[in-house]
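Each chain is listed here by its residues.
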Amino acid sequence: MIILKYIKKILLVVMGLIFLGIGIAGTILPVLPGGPFYLVAAFCFTKSSERLDNWFKGTKVYDKYVEGFRQKRGMTRKEKIRINLIADFFIVLSLFIVDILFVQIIMVVLGLYKHYYFIKKIKTIKPGEIE
């Protein structure tokens, strides 16, 4: 049992670092949203190591992308649109690649739910409010 606990912590650290790297790439690249990956990295770090969690919470990346969202302040309209457009691009691309009708229907339903969630459940804030 103790070995499984350490393996779980190691996997969470590795996953956190991977998602942090993807988030940083998303901050630099205009095509990839960084915010959601920072949220997953924060979750992984919180569950894996108190030291890593404290380190990540002390970074500017955490302050800018995670803290505002965690305090339920929401996302700017620009962030919402950017994330949705990128996700929609990959959903539509997947619809052409996947040739299984059931899977295509599930992807469309999940895409529609994503829009509902972003519009109704995540508060839209003005750009100046997040800082």
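Everything below is about the structure printed above this text.
Since this is a predicted model, take the numbers as computed values, not measurements.

K.L.:
What should I look at first to understand the overall build of the protein in this one?
P.N.:
Summing up its helical and strand segments, the protein has six helices and two strands in all. Principal-axis analysis of the C-alpha atoms gives the protein an extent of 45 × 45 × 25 Å. Within the protein, buried positions represent 27% of all 131 residues. Here the analysis covers contacts within the protein between residues at least 6 apart in sequence; of these, 61% occur between residues at least 24 apart. Counting every atom, the protein has about 9,400 Å² of accessible surface; 71% of that belongs to carbon and sulfur. For the protein, the distance from the average position of its 20 positive side-chain charges to the average position of its 9 negative side-chain charges is 3 Å.

K.L.:
Help me understand the packing of helix 2 (residues 35-48) against helix 3 (residues 50-57) in this model?
P.N.:
Helix-helix packing: each pair is described by the crossing angle between the helix axes and the interaxial distance. Where helix 2 contacts helix 3, the two axes come as close as 6 Å, and the packing angle between them is 145°. Between helix 2 and helix 3 lies a crossing of left-handed hand. Along the contact surface, helix 2 presents Tyr38, Ala42, Phe45, Thr46 and Ser48, while helix 3 presents Glu50, Leu52, Asp53, Trp55 and Phe56. Grouping the constituent residues of the contact of helix 2 with helix 3 by class yields six nonpolar, two polar and two charged.

K.L.:
Help me understand the environment of Asn84, please; the structure alone is not making it clear to me.
P.N.:
Within the element layout of this structure, Asn84 appears in helix 5 (residues 77-97). Remark: the alpha-carbon pair of Asn84 and His115, spanning 31 residues in sequence, is separated by 7.2 Å.

K.L.:
Looking at this model, I keep getting lost on the packing of aromatic side chains. Mind explaining?
P.N.:
For any pair of aromatic rings, the description rests on two quantities: the centre-to-centre distance and the angle between the ring planes. Inspection of every chain in the model, using the stated rule, returns eight aromatic pairs. Ring centres of Phe19 and Phe37 lie 6.2 Å apart, and the angle between their planes is 20°; this geometry places the pair in the stacked category. Residue Phe19 is located in helix 1 (residues 2-28), and its partner Phe37 is located in helix 2; the two are separated by 18 residues in the primary sequence. Taking the centre distance of 5.1 Å and the plane angle of 75° together, the rings of Phe89 and Phe90 count as edge-to-face. With relative accessibility at 43%, the residue Phe90 sits in the partly exposed group.

K.L.:
Honestly, the side chain of Thr59 in this entry has me stumped. Any pointers?
P.N.:
Here Thr59 is to be found in the loop between helix 3 and helix 4 (60-70). Overall, Thr59 belongs to the buried group, its relative accessible area being 18%. Looking at Thr59, its side chain comes within polar contact range of the main-chain oxygen of Phe56, at 2.7 Å. At 3.2 Å, the side chain of Thr59 forms a polar contact with the backbone nitrogen of Tyr62.

K.L.:
How do you make sense of the pattern of salt bridges when you look at a structure like this?
P.N.:
A side chain of one charge can pair with a side chain of the opposite charge if their charged atoms are brought near each other. Throughout the structure, instances matching the rule amount to two salt bridges. In this structure, Lys57 engages Asp53 in a salt bridge whose closest nitrogen and oxygen atoms are separated by 3.2 Å. Within this pair, Lys57 and its partner Asp53 are both found in helix 3, separated by four residues, close to a single helical turn. Linking Lys114 and Asp88 is a salt bridge whose minimum nitrogen-to-oxygen distance equals 2.9 Å. One end of the pair, Lys114, is in helix 6 (residues 101-121); the other, Asp88, is in helix 5, with 26 residues separating them in the sequence. Look at Lys114 and you get buried, because its relative accessible area is 14%.

Conventions used here
Residues numbered from 1 in each chain as written. Predicted model: local features only at pLDDT ≥ 70, side-chain atom pairs only at ≥ 80, totals over all residues. Heavy atoms only, no water. Helix = DSSP H or I, 4+ residues; strand = E, 2+ residues; numbered from the N terminus. Buried < 20%, exposed > 50% of the residue type's maximum accessible area, 1.4 Å probe, protein only. Contact = heavy atoms within 4.5 Å. Areas by Shrake-Rupley, 256 points an atom, 1.4 Å probe, with all protein chains shown as cover. Lys, Arg positive; Asp, Glu negative; His and termini not counted. Charge placed at Lys NZ, Arg CZ, Asp CG, Glu CD. Axes fitted to C-alpha atoms, helices over the stretch in contact; angles between N-to-C directions. Left-handed = near helix turned anticlockwise from the far one by under 90°. Nonpolar A, V, L, I, M, F, W, Y, C, P; charged D, E, K, R; others polar. Phe/Tyr/Trp six-rings, centres within 6.5 Å; stacked < 30°, edge-to-face > 60°. Polar contact = N/O pair within 3.5 Å; in protein donor to acceptor, adjacent residues only side chain to side chain. Salt bridge = Lys/Arg side-chain N within 4 Å of Asp/Glu carboxyl O.

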